[in-house]
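# A closer look at the structure
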Amino acid sequence: MSAPGAYIAVVAAGETERAPLVSQLTASGYDVVSGGVAVLQQRAYPPELVVVAGRDAPEIIRNLVARPEVADLPILAAVAALPPTLPVQALSAGATDVATLPIPTSVLAARCRVLMQRTRAHLAVSPLLTRCHQILASDVDDMAALTRVIAVLADGIGFTRG
């Protein structure tokens, strides 16, 4: 299910919090590494998604988003529904999405898939938008700038007439 070389990191303070999620994600076809925050340095490249579980998820997430190598990665917080403030705390700490435990395997897999697809789309579009911004910021002639922007976008998405 993952792109070649892509993996999901499941991070939690304890193995009992990580094990069910690792089992579910592995059963769904994902390549998964699991452990504390240090697990993020086991491979030469960052994970495509980080799943943070447990009661200390908000604190773990705060620590993760403060690290430059992880700051732009999507983070799914898997937390208990009680206390009701925990999901809100996880989002406030920087989680991209929150799922309350227990999570059905199909829902967990779908949420991971959607978060990773959004990240891939963002990474694909980001250089195009940067280039468009540069053109619009530097060109004095608005019509020429818009023409160049359209050409950059058409080229970026592989559009050809005919």
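Notes on the structure in this doc start here.

## Digging into the sheet that holds strand S1 (residues 8-11)
Ordered by their spatial adjacency, 5 strands build an open sheet running S2-S1-S3-S4-S5, and the pairing between neighbours is parallel. Either end of the sheet is taken by a strand with one partner, and the two such strands are strand S2 (32-35) and strand S5 (97-101). Taking each pair of neighbouring strands and ignoring which way they run, the sheet shows an average axis angle of 20°. Lying over the sheet, helix H1 (residues 15-27) contacts S1, S2, strand S3 (49-53), strand S4 (75-80) and S5, oriented at roughly 175° with respect to S2. Helix H2 (residues 57-65) rests against S1, S3 and S4 of the sheet, and its axis sits at about 150° to S3.

## Thoughts on the pairing of S3
Buried residues dominate S3, accounting for 5 of its 5 residues. Burial along S3 is two-sided: the residues Leu49, Val51 and Ala53 and Val50 and Val52 are all buried. By the bridge criterion, 4 bridges tie S1 to S3 in an arrangement that is parallel. Counted as the bridge partner of alanine 9 is valine 50 from S3.

## Focus: unusual backbone geometry
Put simply, leucine 82 and proline 83 share a cis peptide bond, and its omega is 0°. With respect to the helices and strands, proline 83 occurs in the loop between S4 and helix H3 (85-93). Across the junction of leucine 101 and proline 102, the peptide omega takes the value -5°, indicating a cis bond.

## Comments concerning the side chain of glutamine 24
Looking at the secondary structure, you find glutamine 24 in helix H1. A relative accessible area of 16% means that glutamine 24 is categorised as buried. Engagement of the side chain of glutamine 24 in a polar contact is seen with the side chain of threonine 105, the distance being 3.1 Å. Here glutamine 24 is in contact with Ile103, Pro104, Thr105 and Leu108, once residues within four sequence places are set aside.

## Focus: the packing of helix H4 (residues 105-138) against helix H5 (residues 142-156)
Running from amino to carboxyl end, H4 crosses H5 at an angle of 170°, the nearest separation of the two axes being 9 Å. By the angle between their axes, H4 is roughly antiparallel relative to H5. By crossing handedness, the relation of H4 to H5 is classed as right-handed. Only Ala145, Leu146, Arg148, Val149, Val152, Leu153 and Gly156 of H5 make contact with H4, whose side of the interface consists of Leu128, Arg131, Cys132, Ile135 and Leu136. A class-by-class count of the residues in the contact of H4 with H5 yields 9 nonpolar, 1 polar and 2 charged.

## Quick notes on H1
In this model, H1 (13 residues) spans 18 Å end to end at C-alpha, consistent with the 18 Å of a helix rising 1.5 Å per residue. Turning to H1, its buried residues number three or more, namely Arg18, Leu21, Val22, Gln24 and Leu25. Angular distribution of buried residues about the axis of H1 spans 165°; they occupy a single face of the element. Exposed residues pointing more than 90 degrees away from the buried face of H1 are listed as Thr16 and Ala27. Buried residues in H1 make contact with S1, S2, S3, S4, S5 and H4. Just downstream of H1, glycine 29 is the residue with a positive phi angle, here 95°.

Analysis parameters
Once a new chain begins, its residue numbering starts again from 1 and follows that chain's sequence as written. With pLDDT at 70 or above as the cut-off, local features in this predicted model cover only qualifying residues; side-chain atom pairs require 80 or more to be listed or tallied, and sums for whole chains, interfaces and linings still use all residues. Here the side-chain values reflect all heavy atoms present in the structure, with hydrogen atoms and water set aside. If DSSP finds at least two bridges between two strands, the strands pair. Secondary structure elements follow DSSP: runs of H or I no shorter than four residues count as helices, runs of E no shorter than two count as strands, and numbering proceeds from the N terminus. Think of each axis as a best-fit line through the C-alpha atoms, taken over the contacting stretch in the case of a helix, with angles from 0 to 180 degrees between the N-to-C directions. By definition, residues are in contact when any of their heavy atoms lie within 4.5 Å. Accessible area is worked out with a 1.4 Å probe on protein chains only. A residue is then buried under 20% of its type maximum, exposed over 50%, and partly exposed in between. Whenever two N or O atoms come within 3.5 Å, that pair is a polar contact, provided that in protein one can donate a hydrogen and the other can accept it, and provided that, for residues adjacent in sequence, both atoms are side-chain atoms. Reported orientations rely on four angle classes, namely roughly parallel under 35 degrees, roughly antiparallel over 145, roughly perpendicular from 65 to 115, and oblique for the rest. Each crossing gets its hand from how the near helix is turned against the far one by less than a right angle, where anticlockwise is left-handed and clockwise is right-handed. Under the scheme applied here, ten amino acids are nonpolar (Ala, Val, Leu, Ile, Met, Phe, Trp, Tyr, Cys and Pro), four are charged (Asp, Glu, Lys and Arg), and all others, including Gly, are polar. In this analysis, the expected span of each helix is defined as 1.5 Å times one less than the number of residues it contains. Note: the arc covers the axis-to-C-beta directions of the helix.

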